[in-house]
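# Fold and contact review
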Amino acid sequence: QHLYADRVGEAEALLRAVLAEIPDDAEALHLLAVARLKAGDIADAINHAQQAADQVPSAPYLNTLGSLRLHDGDRAGARAAFTDALARDAAFLEARLNLADALWADLDAVAAEHHYRLALETAPDSIDALNNLAALLMETERRPEAHDLLMRAAIVAPDAAGVLANLANNAERLGHID
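Notes on the structure in this doc start here. (Residues numbered from 1 in each chain as written. Predicted model: local features only at pLDDT ≥ 70, side-chain atom pairs only at ≥ 80, totals over all residues. Heavy atoms only, no water.)

This paragraph deals with the overall build of the chain. For the chain, the helix and strand inventory stands at 10 helices and 0 strands. Each helix and strand of the chain, ordered N terminal to C terminal, gives the series α-α-α-α-α-α-α-α-α-α. For the chain, the proportion of contacts with a sequence separation of at least 24, taken over those separated by at least 6, is 41%. Accessible surface computed for the chain: about 9,100 Å², of which carbon and sulfur atoms make up 54%. Within the chain, the 29 negative side-chain charges are centred at a point lying 3 Å from the centre of the 14 positive side-chain charges. (Helix = DSSP H or I, 4+ residues; strand = E, 2+ residues; numbered from the N terminus. Contact = heavy atoms within 4.5 Å. Areas by Shrake-Rupley, 256 points an atom, 1.4 Å probe, with all protein chains shown as cover. Lys, Arg positive; Asp, Glu negative; His and termini not counted. Charge placed at Lys NZ, Arg CZ, Asp CG, Glu CD.)

Below is the structure:
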């Protein structure tokens, strides 16, 4: 509760007390990684996330490790962690989307598109998957398909600003609005 109420110092003290008694408590290590990120110490956050993933290589712990590595600029390490997370749970949507985003950032549009489509198989109404795949399709000049995805996203989340901005941009490029 302290961690999510932005009482990072209190949360950290409690987590360190747990770890003093049970040094390999994966959940405490994982939460300490989140606390260290909130405190601005990315290197320590990565260290604790790695320890948590070493203790219990679960998809959520590996996804956190990947997110932290990506935040630190280690894109190859991030992709590896997201891939490991998906090897443990292929339906873990957050890791799937994170991997797709990382691949797209590395300009591997083909692999990114593949993972966005797999995300949509798992969660057909995922706004992030619909919008990000549509943005990728817009960038690769496949605007009619992007339009269809954005329309689906707008139905699911009619107030999603990113979806509406992409929809307007794409419609203008398609000549649907002047």
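Moving on, we come to the pattern of salt bridges. When the charged atoms of two side chains lie near each other, side chains of opposite charge can form a pair. In the structure shown here, the tally under the stated rule is 11 salt bridges. Arg36 is paired through a salt bridge with Glu12; the nearest N and O atoms lie 2.9 Å apart. Of this pair, Arg36 sits in helix 2 (residues 26-38) while Glu12 sits in helix 1 (residues 8-21); the two residues are 24 residues apart in sequence, bridging distant segments of the chain. Residue classification places Glu12 among the buried residues on the basis of a relative accessible area of 12%. (Salt bridge = Lys/Arg side-chain N within 4 Å of Asp/Glu carboxyl O. Buried < 20%, exposed > 50% of the residue type's maximum accessible area, 1.4 Å probe, protein only.)

The nonpolar side chains of soluble globular proteins are, as a tendency, buried together. Grouped together as the largest cluster of nonpolar side chains are 55 residues, with contacts concentrated most on Leu68, Tyr116 and Leu149. Of all the elements, helix 8 (residues 127-139) adds the most residues to this core, at 8 residues. Tyr116 has contacts with Leu97, Ala100, Asp101, Trp104, Ala129, Asn132, Leu133 and Leu136, leaving out every residue within four places of it along the chain. (Core = buried A, V, L, I, M, F, W, Y, C linked by side-chain atoms within 4.5 Å.)

Our next topic: the environment of His115. Summarising the element assignment, His115 is placed in helix 7 (residues 109-122). On the accessibility criterion, His115 (14% relative accessible area) is buried. Residues His115 and Arg79 lie 36 residues apart in sequence; the distance between their C-alpha atoms is 12 Å. His115 has contacts with Arg96, Leu99, Ala100 and Leu103, leaving out every residue within four places of it along the chain.

The first and last C-alpha atoms of helix 3 (residues 42-55) sit 20 Å apart over 14 residues, in line with the 20 Å expected at 1.5 Å per residue. Those residues of helix 3 lying buried are Ile42, Asp44, Ala45, Ile46, His48, Ala49, Ala52 and Ala53. Where the residues of helix 3 are buried, they touch helix 1, helix 2 and helix 4 (59-71). (Expected span 1.5 Å × (residues − 1).)

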